[in-house]
Amino acid sequence: MRAVIMAGGKGTRLLTFTRNQIPKPMAPVCGKPILQWQIECLKANSITEICIITGHLGETIQEYFGTGDFFGVSIQYFHENIPLGTAGAIAHIASFIKNENFLLVFGDTIFDIDIERMLSYHKKKNSSITLFVHPNSHPVDSDIVILDDNKKVIKIDSKNNIRKYWYNNIVNAGLYLISSKVIEDVPKSGKIDLEKDIISKKIEKNDEIYGYLSTEYIKDAGTIERISQIELDIFSGVVSAKNLLKKQKCIFLDRDGTINLDKGLIYKPDDLILEHTAVDAIKKINHSSYLAIVITNQPSVARGLCDIEDIQEIHRKLCTLLGQDGAFIDDIQFCPHHPDRGYPGENLEYKIPCQCRKPSIEMITRSAQAWNIDLSQSWIIGDTTVDIQTGKNAGLKTVLVKTGQAGLDGKFTASPDRVCKNILDAVNTILQGETS
Ligand SMILES: [Zn+2]
């Protein structure tokens, strides 16, 4: 597979760095241009045929990378004399792309990902364009991608829109796998915007556009603050640790009584109110090499108090609230079942014994399989003995928090590895154990 890097951006927000002497993709991160980080990741994925689209100050890119020999890759250049937008150049490089899928990368992102994994997803879905999507720490000023249950893209809600609804924190990361057939749809003249002129039109036509959800590291290096954060993440090893080729560590989080206040069965969004330390705790997980995955029993579906869509709406509220303050959850798993029949109004379809209701461990094993998690390196934080027993059953280390039910539910006798005041105290305890 070949890769195209869009490196024409001016980078007005990085002027202190670039002094208008170098284009944005040449801005240094840990002493190395952003583009070099990208090329090294492509090479690690055996992608060695690269075309760089250059624009403003493009000659500095060509001078630095030349033919690519020194970096172990082969680089061609396409220079835009007048800016062609984020997709216009594609129509001009059909001979480079040939009749294959190609990777399109924006030249201002730092990433370390398993591209083969994304490619097999793209092929399995028979997708024409696959967007790399993920939760990030600033969904409020990012384009939100709305997916159906099959991960097909239904809509992209621009960062410029005012959002008066709860939304999943699923953001377009600026990395795409594109079928070569798409080139035929790109006009050969004028400024073409990939999202507006190509992707949105295809979504309207119900074309095969999919989101590829990943927990791997990809961050836009468009501002000086973001570059500083990326440098910290590189030094701490987080960037490379999150590549899904590597075994992941996870902190599994119970929901009610741990992340949000315990208000009995929660079956409407109004009842979800965050514990006061939840945002800070989850932010700390996000900055570490651990994933943050929620696993929660929600028998209110089986009881007939609400349906699956209501639970998803509650989770959209959770993601929106966390996202507004810079925190995100990597994945959410819930069990809608309950084993005991005989209540008025119950939903018989979900009144079944299952393997996912905690303390059974199917939500954990499912996550482990999806995200390549090493359970022996992972933790669970919860407020009930059910959570602690779940952790024991799955081979996790366990923390009981004194919020919510504070372990007084009396269902199991398993004792936790640690007892902490709240979720923030629990996360601090886990992360301190890492460094000591
Ligand atoms: Zn279940």
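Predicted, not measured: the structure shown is a model, and the values here were computed from it.

### Notes on the overall build of the protein
Scanning the protein for helices and strands turns up 13 helices and 19 strands. In terms of C-alpha radius of gyration, the protein reaches 23 Å, essentially the compact-globule figure of 22 Å for 436 residues. For the protein, the C-alpha atoms occupy an extent of roughly 70 × 50 × 35 Å along the three principal directions. When burial is assessed residue by residue, the protein has 57% of its 436 residues classed as buried. The contacts in the protein between residues at least 6 apart in sequence include a share of 71% that link residues at least 24 apart. For the protein, the exposed surface amounts to about 18900 Å²; the carbon and sulfur share of it is 49%.

### A word on the domain arrangement of the protein
Each domain of the protein was delimited in the assignment, giving domain 1 (2–227) and domain 2 (247–435). Both faces combined, the contact of domain 1 with domain 2 buries some 1400 Å², and carbon together with sulfur accounts for 62% of it. When residues of domain 1 are sorted by the area they lose upon contact with domain 2, Pro135, Trp166 and Thr215 head the list and together hold 48% of the total. Taken together, domain 1 and domain 2 are joined by zero salt bridges. There are two residue pairs in polar contact (both at pLDDT 80 or more) connecting domain 1 and domain 2.

### Some thoughts on the sheet that holds strand S17 (residues 379–382)
With parallel pairing, the six strands of this open sheet are ordered in space as S16-S15-S14-S17-S18-S19. With partners counted over all chains shown, the strands left at the sheet margins are strand S16 (331–335) and strand S19 (418–420), one partner each. Averaged over all neighbouring strand pairs, the angle between strand axes comes to 20°, with direction disregarded. The sheet contact formed by strand S15 (residues 290–297) and S16 spans five bridges and is parallel. When the sheet's bridge partners are listed, Val294 is paired in S16 with Ile332. Together, strand S14 (249–253) and S15 form the strand contacts of helix H9 (residues 278–287), whose direction differs from that of S15 by roughly 135°. Contacts from helix H10 (residues 308–324) reach S15 and S16, with the element oriented near 150° to S16.

### Digging into the state of the cysteines
All told, the structure shown has zero disulfides when counted by the stated rule. Cysteine Cys319 remains unbridged, with the sulfur of Cys250 as its closest cysteine sulfur at 15 Å. Owing to a relative accessible area of 11%, Cys319 belongs among the buried residues under this scheme.

### Quick notes on empty space enclosed by the protein
Counted under the stated rule, the structure contains one cavity of 30 Å³ or more. Of the voids in this model, the largest cavity is the one considered here, and its volume is about 260 Å³. As for the largest cavity, its lining consists of 18 residues, and the residues nearest its centre are Pro135, Tyr217, Lys219, Asn286 and Phe328. Counting residues per element, the lining of the largest cavity draws most heavily on strand S13 (residues 217–220), which supplies three residues. In terms of residue class, the lining of the largest cavity is built from five nonpolar, eight polar and five charged. Two domains each provide a minimum of three residues to the lining of the largest cavity, namely domain 1 (2–227) and domain 2 (247–435).

### Section: the pairing of strand S5 (residues 74–79)
As paired elements, strand S4 (residues 49–54) and S5 share six bridges and run parallel to each other. Within S5, the residue paired with Cys51 across the bridge is Gln76. Of the crossover connections in this fold, the one passing from S4 over helix H3 (residues 58–65) to the parallel S5 is right-handed.

### What to know about the coordination of the zinc ion
The coordination sphere of the zinc ion contains the protein donors Cys335 (SG), His337 (ND1), Cys354 (SG) and Cys356 (SG), at a distance range of 2.1 to 2.3 Å. For the zinc ion, the four donor atoms in the first shell make angles of 101 to 116° at the metal, so the coordination geometry reads as tetrahedral. For the zinc ion, the single-chain donor residues occur in sequence as C-x1-H-x16-C-x1-C. For His337, a relative accessible area of 14% puts it in the buried group.

### Here we look at the packing of aromatic side chains
Tallied over the entire structure, the rule returns eight aromatic pairs. Centroid distance Phe106 to Tyr176: 5.9 Å. Interplanar angle 90°. Geometry classified as edge-to-face. Pair noted here: Phe106 is in strand S6 (residues 102–106) and Tyr176 is in strand S11 (residues 171–178), with a separation of 70 residues, a long-range link. Overall, Phe106 belongs to the buried group, its relative accessible area being 17%. Between the aromatic rings of Phe132 and Tyr212, the centroid separation amounts to 5.8 Å while the plane-to-plane angle is 65°, which identifies the pairing as edge-to-face. Taken together, the residues span a long stretch of sequence, with Phe132 in strand S8 (residues 129–134) and Tyr212 in strand S12 (residues 209–213) at a distance of 80 residues. Judged by its relative accessible area of 3%, Tyr212 falls in the buried class.

### Some words on helix H2 (residues 34–44)
Structural remark: α-helix, 3.6 residues per turn; residues separated by three or four positions point the same way. For H2, the complete set of buried residues consists of Ile34, Leu35, Gln36, Gln38, Ile39, Cys41 and Leu42. Looking one or two residues past H2, Ser46 carries a phi angle of roughly 60°, positive in sign.

### Brief notes about the pattern of salt bridges
What the rule picks out here adds up to 17 salt bridges. With its nearest N and O atoms 3.4 Å apart, the salt bridge here joins Lys219 to Asp233. Of this pair, Lys219 sits in strand S13 while Asp233 sits in helix H7 (residues 224–235), and the two are 14 residues apart along the sequence. For Asp233, a relative accessible area of 4% gives the class buried. In this structure, Arg226 and Asp220 form a salt bridge, with 2.7 Å as the shortest nitrogen-oxygen distance. The buried category is assigned to Arg226, whose relative accessible area is 18%. If you follow the salt bridges from partner to partner, you end up with Asp141, Asp220 and Arg226 in one network.

The rules behind the values
- Residues numbered from 1 in each chain as written.
- Predicted model: local features only at pLDDT ≥ 70, side-chain atom pairs only at ≥ 80, totals over all residues.
- Heavy atoms only, no water.
- Helix = DSSP H or I, 4+ residues; strand = E, 2+ residues; numbered from the N terminus.
- Rg over C-alpha atoms; globule rule 2.2 N^0.38 Å.
- Buried < 20%, exposed > 50% of the residue type's maximum accessible area, 1.4 Å probe, protein only.
- Contact = heavy atoms within 4.5 Å.
- Areas by Shrake-Rupley, 256 points an atom, 1.4 Å probe, with all protein chains shown as cover.
- Domains from an automatic or database assignment.
- Buried area = accessible area lost by both parts, 1.4 Å probe.
- Salt bridge = Lys/Arg side-chain N within 4 Å of Asp/Glu carboxyl O.
- Polar contact = N/O pair within 3.5 Å; in protein donor to acceptor, adjacent residues only side chain to side chain.
- Pairing = 2+ DSSP bridges.
- Axes fitted to C-alpha atoms, helices over the stretch in contact; angles between N-to-C directions.
- Disulfide = S-S within 2.5 Å.
- 1 Å grid on protein atoms, 1.4 Å probe; cavity = no way out; pocket = protein on both sides within 12 Å on 5 of 7 lines; lining within 4 Å.
- Points joined across faces, edges and corners; volume = space filled by probe spheres on them.
- Nonpolar A, V, L, I, M, F, W, Y, C, P; charged D, E, K, R; others polar.
- Right-handed = clockwise from strand over helix to strand, strands pointing away.
- Donors = N, O, S within 2.8 Å, 3.2 Å for Na, K, Ca; no water.
- Tetrahedral: all angles 85-135°; square planar, octahedral: opposite > 155°, others 65-115°.
- Phe/Tyr/Trp six-rings, centres within 6.5 Å; stacked < 30°, edge-to-face > 60°.

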